[in-house]
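# Architecture at a glance
What follows is each chain in one-letter form.
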There are 2 protein chains.
Amino acid sequence: MGSDIRRSMPLFPIGTVMQLADLTARQIRYYEEHGLVSPARTEGNRRLFSLNDIDKLLEIKDLLEQGVNMAGIKRILGDGTKDEAEKRAKKPDLSESDLKKLLKQEMMGNGKYSKNNLRAGDLSRFFR
Amino acid sequence: MGSDIRRSMPLFPIGTVMQLADLTARQIRYYEEHGLVSPARTEGNRRLFSLNDIDKLLEIKDLLEQGVNMAGIKRILGDGTKDEAEKRAKKPDLSESDLKKLLKQEMMGNGKYSKNNLRAGDLSRFFR
DNA sequence: TTATTATGTAAGAAAACCTCACACGTAGTT
DNA sequence: AACTACGTGTGAGGTTTTCTTACATAATAA
């Protein structure tokens, strides 16, 4: 549908995203570094995030809080590439060993996080 | 409804608004100076606009393009005050003379504007 | 002509953001 | 215990963006 372009429109600077997702700039840049999000850039090289980006950041946060590490999140959410075709192609689902590792980690979920501003998926219903 | 708080949430820096509404920073600040919009501010005094603010800016732009001047726009849209009660109280509708002036101006609509990124009201359906 | 209106533009300062780079706590490994 | 890897904190130094203030200008109104 056409709302995809709206949801993928680069609108928010990192400061706004920090507040909306309750993440530090360091965290957000780190996730980008790992290819999980690929915010657009202004002419002056400032990051501009879309609603989709923010949704993804919330999912990342969620998974991290559940004990999943970067590698696991990459397998689950895929990289920030917009190429859907490639995304499908490169989806050999989790391997046995990967799955075991993930389950092992989720098993021992640590509860060291608390004040969430937004939960994953919330942004889907954020506007209108 | 509850989406009011979402639509009035301060999210966008002036740069983003400039692009969305196709207005210069000067214009936006000028309209604020006249009390037509009242964007929130960051701790560091940067303006943060809400979706409602942007909608209003688009309406202002629209009216200006139709030849209505600031005074007229103030009467039509009211100031940026969130006080709805006051807004209703101070609505003696347009006076005869005001109306005549406005109509006269709208009559001779000048067509010196062209590349609109968004039209007034568009943002209402912008998300989701 | 002169005043007003809406906008352009420039200067100087401050906030926000950028990219490194290094530090640190925790957890797992040797 | 010592070492390593991971996710994040923090600081330095630099660039971009935004801020206020002030003056200029084209078009309209008086």
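A quick note: this is a predicted structure, and the numbers were derived from the prediction, not measured.

As a further point, take the protein's contact with DNA strand C. Around DNA strand C there are 21 residues in total, and R46(A), R47(A), T24(B), R46(B) and M70(B) lie nearest to it. The sugar and phosphate moieties of DNA strand C supply 67% of its atoms located within 4 Å of the protein. A distance of 2.9 Å is found between a phosphate oxygen of DNA strand C and a backbone nitrogen or oxygen belonging to G15(A). Taken together, the elements giving at least two residues each to the surface near DNA strand C come down to α2 (14-21) and α3 (25-33) of chain A together with α3 (25-33) of chain B.

Bringing the protein's contact with DNA strand D into the picture now. Close contacts around DNA strand D come from 19 residues, with T24(A), R46(A), M70(A), R46(B) and R47(B) the closest. Close to the protein, within 4 Å, the atoms of DNA strand D belong to sugar or phosphate groups at a rate of 68%. If you list the elements that add at least two residues to the surface near DNA strand D, you get α3 of chain A together with α2 (14-21) of chain B. Its residues assigned to classes, the surface near DNA strand D comprises 6 nonpolar, 7 polar and 6 charged.

Attention now moves to the confidence of the model for chain A. Residue and element names in this part refer to chain A. For chain A, the mean per-residue pLDDT works out to 73, and 59% of the residues sit at or above 70. Every residue in residues 83-117 scores below 50 in pLDDT, and together they form 30 contacts with partners more than four places removed in sequence or on other chains. Counting contacts from residues 121-128, a segment whose pLDDT is below 50, to residues more than four positions away or on other chains yields 30 contacts.

Residue and element names in this part refer to chain A. All buried positions along α3 are accounted for by A25, I28, Y31 and E32. Across the axial projection of α3, the buried residues extend over an arc of 130°, all falling on one side. With respect to the buried face of α3, the exposed residues turned more than 90 degrees away are R26 and E33. Packed against the buried residues of α3 are α2, β1 (40-41), β2 (47-48), α4 (51-65) and α5 (70-77).

Our next topic: the packing of aromatic side chains. If you walk through the whole model with that rule in mind, you get 3 aromatic pairs over all chains. Ring geometry for F12(A) versus F12(B): centroids 5.1 Å apart, planes at 25°, classification stacked. Residue F12(A) is found in the loop between α1 (3-7) and α2, and its partner F12(B) is found in the loop between α1 (3-7) and α2; the two belong to separate chains. Residue F12(B) is classed as buried on the basis of its relative accessible area of 0%. With centroids separated by 6.3 Å and ring planes inclined at 65°, the aromatic side chains of Y30(B) and Y31(B) adopt a geometry described as edge-to-face. Exposure remark for Y30(B): the relative accessible area of 32% places this residue in the partly exposed category.

What counts and how
- Residues numbered from 1 in each chain as written.
- Chains lettered and ligands numbered in written order.
- Predicted model: local features only at pLDDT ≥ 70, side-chain atom pairs only at ≥ 80, totals over all residues.
- Heavy atoms only, no water.
- Near = heavy atom within 4 Å.
- Polar contact = N/O pair within 3.5 Å; in protein donor to acceptor, adjacent residues only side chain to side chain.
- Helix = DSSP H or I, 4+ residues; strand = E, 2+ residues; numbered from the N terminus.
- Nonpolar A, V, L, I, M, F, W, Y, C, P; charged D, E, K, R; others polar.
- pLDDT = per-residue confidence, 0-100.
- Contact = heavy atoms within 4.5 Å.
- Buried < 20%, exposed > 50% of the residue type's maximum accessible area, 1.4 Å probe, protein only.
- Arc of directions from axis to C-beta.
- Phe/Tyr/Trp six-rings, centres within 6.5 Å; stacked < 30°, edge-to-face > 60°.

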